Amino acid sequence: MHHQAEDSGPGGYAAARLRLLNEKARSGPPRRSALAGLTDEWLAGLFAAGAPAARGVSLVAVGGYGRAELSPRSDLDLLLLHDGSAPGTVSKLADRLWYPVWDLGLALDHSVRTPAEARRTAGEDLKVQLGLLDARHVAGDLGLTTALRTTVLADWRNQAPKRLPALRELCEERAARQGELQYLLEPDLKEARGGLRDATALRAVAASWLADAPREGLAEARSRLLDVRDALHLTTGRATDRLALQEQDQVAAELGLLDADALLRQVYEAARVIAYAGDVTWREVGRVLRSRSVRPRLRKLARERSDFLRRAVVGDGRALGGGPAPERSPLAEGVVEQDGEVVLARAARPDRDPVLPLRAAAAAAQAGLPLNLHAVRRMAAGARALPSPWPAEARQQLLTLLGSGRPTVDVWEALEAEGLISLLLPDWDRVRCRPQRNAVHLWTVDRHLIETAVRASAFTRRVSRPDLLLIAALLHDIGKGWPGDHSVAGEVIARDVAARIGFDADDVTVIATLVRHHLLLVETATRRDLDDPATVRSVAEAVGSPGTLELLHALTEADALATGPAAWSSWRAALVADLVKRVAAVLAGQAPSDPEEAAPTAQHERLALEAVATGAPVLSLRAQTEPPAEPSGDPEPLGVELLIAVPDQAGVLPAVAGVLAMHRLTVRTAELRSLDLPDGVDGSVLLLDWRVAAEYGSLPQAARLRADLVRALDGSLDIAGRLAERDAAYPRRRGVAAPPPRVTVAPAASRHATVIEVRAQDAPGLLFRIGRALEDTAVRVRSAHVSTLGANAVDVFYVTQEQGVPLPGEEAVAVAGKLEEALRV
């Protein structure tokens, strides 16, 4: 016994544990099981040394340790169970167990209870009950542990009608708080929806005998998440469940995966399996509980009524079967509704009806009902590829599914879970569960495509060809699974898919054009000068026809709305609408007006004369709005128009940009031009017409802006220092280092100016730094168009020589190089 205690000491266990974790040949479930076994042996030794008789007391592993699933940094969840006969002895035994665990720095979740106390606590605390469902004997009185397990399981099954709704509510609250594992860039493997806690909840539902989760792939998905957590613990040395960006490459390497994207795809695949199993299981739980809640008398009446109706229909006076058959309402050929789900009719033949999966899916989405799991599996088992081109009915059913709005998402996921989408659209596999490493995107590529179709379904009344809009929405990012520009690759795939689905040559060309140019309108509207005829003509040439422009406008909005809240706003919508209006005019045969013809307004001249008279900047602020979407609603803010007139001098652009950054005003567009003053007025005036937005919703006073601008221009205000102080006051969040800025010259973008495009990490004062660098190159900035998506800024500057003409090619490249060099510092 003394030898056993010595072997079970902290040093021996710690060394053996370290050897096990360093064994590269053993990982995954075998390592977790071996670690649990090693820990059992150590704790059993500690227990035996402290309680030689081992009567009336036992050591029980619960939770993840109870399932023998120990990750390298997992907590040890332990229950010291006793019959209450010797509390003093039990207290000493607890000390002999807990302190060695703490001494090794292991996290410990422990309790000391009698069976009655454990049962009562489980009845009061759902989390305790879930842990006890996985109770496993480690040492001591086996009969005590076995009795507790039997009692706890019996209680769980008896109380399931009350406890399962509470468990479901717990899962939903956690999902709302933590988000969906299958879409998060930095997911919590345990707490997010589709994570390890949800998998544990599904085990608990199965233990209730009330319902069971779909088993196919569930164990493998859970094991994959546990493997990732193991690797995360080993690479970080911490007990963490959050897969942070900066740790994903190391975790991927530990698991032998190519890169962080491959890692996330595996995590997303596993999460999707668990989340879908949860949806199906909780739906079944709800169905069973609803059927149980019907009072016996009402059940009897329903049975009698059903028997009567069946006898009336059959006509032979005999009931069919031993009870009432569920009501089945026809939805489409081979498809019926039963118990709030869409199932197959008894006569349906999936092996002889290749359109059946699409017909069932379309019927389900139109009815707003889920597809029954067994129906989907039956269709998948008998499914075969559609002929190419598809029959007209198949194409129509796909369009009906895509045009059904929000219900499309769940129906599509049900088809995808059983491989039916990959059978219908083989190219889908490349985008399935593909992460998008851009914080602006809420979804993976595949879910974003479905979300875009959902958004586009709301716009089908405003376009003449809603079918082309829905297919383009489904395919617009399909090229993201291929190398190179996803719009270019997507155009090729879209042509092939559209032809296979059965569209004619003209429609295929329109769909391919929409996919190729799905970013054209928003990028042009936010990054180019819409007053420049070259801008409008280039868009008109790419689009080609008014019908395609109409579709592209709707697709642009649907795509942005499906990306996330940062991708669309009233301001972006107004810019895109303005561009569409100008392009439509060109396509109708009208020539775009030349920007040089625009004359200053009376307000411009008034500000300019005041600036000359005072020798200082003069400005005005005016909020801009657009009409409300509803007649009774309030106008939507588009931003603030800031007009500044200032005597012509060096440093105006960085001074204005710096002052606005100090006052937390975000610049959206900026136009700068010299004004010709009336005869008899000496001097030259710069007019700045800018659109800005208040970062926190409140505008600074014009007088304060003007005072700071005066100080910035005379050099008494240290803008760079003030911005640096503010930046230092907010600690940066640790994460992946931003890529370096890139500055390029856009070829032939304008006849009137050279267009320089800056891509950089967005930060307060970025425009100030760019303006200062451009001042150093001695070019004139005619206008600036600022676009920010998440952490990425794309700022475009129209610049000229002092004489107002575009820069020669070599000089333009040199200016871009100097600007990039200045921003890299």
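Analysis parameters
Note that residues are indexed from 1 along each chain, following the sequence as it is written. Owing to the predicted nature of the model, reporting of local features is limited to residues with pLDDT of at least 70; listing and counting of side-chain atom pairs is limited to 80 or more, with chain, interface and lining totals taken over all residues. Side-chain descriptors were evaluated using all non-hydrogen atoms of the structure, hydrogens and water having been removed beforehand. In this text, buried Ala, Val, Leu, Ile, Met, Phe, Trp, Tyr and Cys residues form a nonpolar core when linked through side-chain atoms within 4.5 Å. A 1.4 Å probe rolled over the protein chains alone gives each residue an accessible area, and that area as a share of the maximum for its type sets the label: buried under 20%, exposed over 50%, partly exposed in between. Note on contacts: a residue pair qualifies if any of its non-hydrogen atoms lie within 4.5 Å across the two residues. Runs of E in the DSSP output that reach at least two residues are strands. Runs of H or I that reach at least four are helices, and both are numbered from the N terminus. Between N or O atoms, a polar contact is any pair within 3.5 Å; within protein, one atom must be a potential hydrogen donor and the other a potential acceptor, and residues adjacent in sequence are included only when both atoms are from side chains. pLDDT measures the predictor's confidence residue by residue and takes values from 0 up to 100. Note: two strands are recorded as paired if DSSP finds a minimum of 2 bridges between them. Note on geometry: axes are C-alpha line fits, over the in-contact stretch for helices, and angles between N-to-C directions span 0 to 180 degrees. Here the angle decides the label: under 35 degrees means roughly parallel, over 145 means roughly antiparallel, 65 to 115 means roughly perpendicular, and every other value means oblique. A clockwise turn of the near helix away from the far one marks a right-handed crossing, whereas an anticlockwise turn of less than a right angle marks a left-handed crossing. All amino acids are sorted into three groups, where Ala, Val, Leu, Ile, Met, Phe, Trp, Tyr, Cys and Pro are nonpolar, Asp, Glu, Lys and Arg are charged, and the leftover types, Gly among them, are polar. Whether two aromatic rings pair depends on their centres lying within 6.5 Å, for rings of Phe, Tyr and Trp, where Trp uses its six-membered ring; planes under 30 degrees apart make the pair stacked, over 60 edge-to-face, and the rest tilted. Definition used: whenever NZ (Lys) or CZ (Arg) falls within 6 Å of the ring centre and also within 35 degrees of the ring normal, the charge is taken to sit over that ring.

Peer 1: Explanation requested: the nonpolar core in the structure shown.
Peer 2: Soluble, globular proteins show a tendency: their nonpolar side chains are buried together. Judged by nonpolar contacts, the single largest core of 93 residues is most densely connected at Leu371, Trp390, Trp412, Trp428 and Ile471. When residues no more than four places from it in sequence are discounted, the contact partners of isoleucine 471 are Leu398, Leu399, Leu402, Ile501, Phe503 and Ile511. One finds Leu688, Ile719, Ile756 and Leu767 within the second-largest nonpolar core, a separate group that totals 51 residues.

Peer 1: Just to check I follow, could you spell out the side chain of glutamate 341 for this structure?
Peer 2: With respect to the helices and strands, the residue glutamate 341 is situated in strand E7 (residues 341-344). A residue is classified by how much of its surface remains accessible, and glutamate 341, at 13% relative accessible area, is buried. At a separation of 2.7 Å, a polar atom in the side chain of glutamate 341 contacts the side chain of asparagine 372. Dropping the residues within four chain positions of it, glutamate 341 is found in contact with Arg283, Val336, Pro370 and Asn372.

Peer 1: So what exactly am I meant to see when it comes to the confidence of the model for the protein chain here?
Peer 2: When pLDDT is averaged across the protein chain, the result is 87; 89% of the residues are at 70 or more. For residues 308-323, every residue scores under 50 in pLDDT, and the model assigns this stretch twelve contacts once sequence neighbours within four places are set aside. Here residues 628-636 is a poorly scored stretch, pLDDT under 50, and it has ten contacts once near neighbours within four places are set aside; other chains count.

Peer 1: What should I look at first to understand the sheet that holds strand E5 (residues 328-332) in this one?
Peer 2: The strand order across the open sheet formed by three strands is E5-E6-E7, and the pairing between neighbours is antiparallel. Here the strands that pair on one side only, and so sit at the sheet edges, are E5 and E7. On average, each strand axis in the sheet is inclined to that of its neighbour by 40 degrees, with strand direction left out of account. Pairing geometry for strand E6 (residues 335-338) and E7, over four bridges, is antiparallel. Paired with valine 336 across the two strands is valine 343, which belongs to E7. Each of E5, E6 and E7 touches helix H15 (residues 356-367); the most contacted strand, E6, lies at about 40 degrees to it.

Peer 1: Can you walk me through the packing of helix H20 (residues 445-457) against helix H26 (residues 546-563) in this structure?
Peer 2: Packed helices, taken two at a time, are described by their axes: the angle between them and the distance between them. One can describe the packing of H20 onto H26 by two numbers: an axis separation of 8 Å at closest approach and a directional angle of 125 degrees. Between H20 and H26, the angle falls in the class oblique. Once H20 is placed against H26, the crossing between them reads as right-handed. Seen from H20, the contacting residues are His448, Glu451, Thr452, Arg455 and Ala456; seen from H26, they are Leu555, Ala558, Asp559, Leu561, Ala562 and Thr563. Here the contact of H20 with H26 is composed, by residue class, of five nonpolar, three polar and three charged.

Peer 1: What's the story with the packing of aromatic side chains in this structure? I'm lost.
Peer 2: We describe a pair of aromatic rings using the distance from one ring centre to the other and the angle between the two ring planes. This model, assessed by the stated rule, comprises four aromatic pairs. With a centroid separation of 4.2 Å and 5 degrees between ring planes, the pair formed by tyrosine 13 and tryptophan 42 is classed as stacked. With a gap of 29 residues between them, tyrosine 13 in helix H2 (residues 10-21) and tryptophan 42 in helix H3 (residues 28-50) connect regions that are remote in the sequence. Note that arginine 157 overlies the ring of tryptophan 209, its terminal NZ or CZ placed 3.7 Å from the centroid. The ring of tryptophan 482 is capped by arginine 430, whose NZ or CZ atom sits 3.6 Å from the centre of that ring.

Peer 1: Would you take a moment to explain unusual backbone geometry for this structure?
Peer 2: Across the chain, the bulk of peptide bonds are trans and the bulk of non-glycine residues have phi less than zero. The linkage connecting serine 388 with the following residue, proline 389, adopts the cis geometry, with an omega of 0 degrees. Within the secondary structure layout, proline 389 lies in the loop between helix H16 (373-382) and helix H17 (392-402). Positive phi, close to 60 degrees, is recorded for cysteine 433, a residue that is not glycine. As for its position among the elements, cysteine 433 is in the loop between helix H19 (420-424) and H20.

Peer 1: When you look at the packing of H15 against helix H18 (residues 407-417) in this model, what are you seeing that I'm missing?
Peer 2: Between H15 and H18, the least distance of the axes is 9 Å, while the angle of their chain directions is 150 degrees. By the angle class used here, H15 and H18 are roughly antiparallel. The handedness of the crossing between H15 and H18 comes out as right-handed. Residues Pro357, Ala361, Ala364 and Ala365 of H15 lie in contact with H18, whose contacting residues are Pro407, Thr408, Val411 and Leu415. Per-class residue counts for the contact of H15 with H18 are seven nonpolar, one polar and no charged.

Peer 1: In this structure, what is going on with the sheet that holds strand E1 (residues 57-61)? I would like to understand it.
Peer 2: For sheets, the rule is that strands pair by backbone hydrogen bonds, running either parallel or antiparallel. Spatial strand order, E3-E2-E1-E4: four strands in an open sheet with mixed pairing. A strand with exactly one partner marks an edge of an open sheet, and here the two such strands are strand E3 (108-113) and strand E4 (136-140). Within this sheet the neighbouring strands show an average axis-to-axis angle of 25 degrees, counted without direction. Sheet topology places strand E2 (residues 76-82) next to E3; six bridges connect them, and they run parallel. Counted as the bridge partner of aspartate 77 is aspartate 109 from E3. Contacting E1, E2 and E4, helix H8 (residues 142-158) runs over the sheet at an angle of about 105 degrees to E2.

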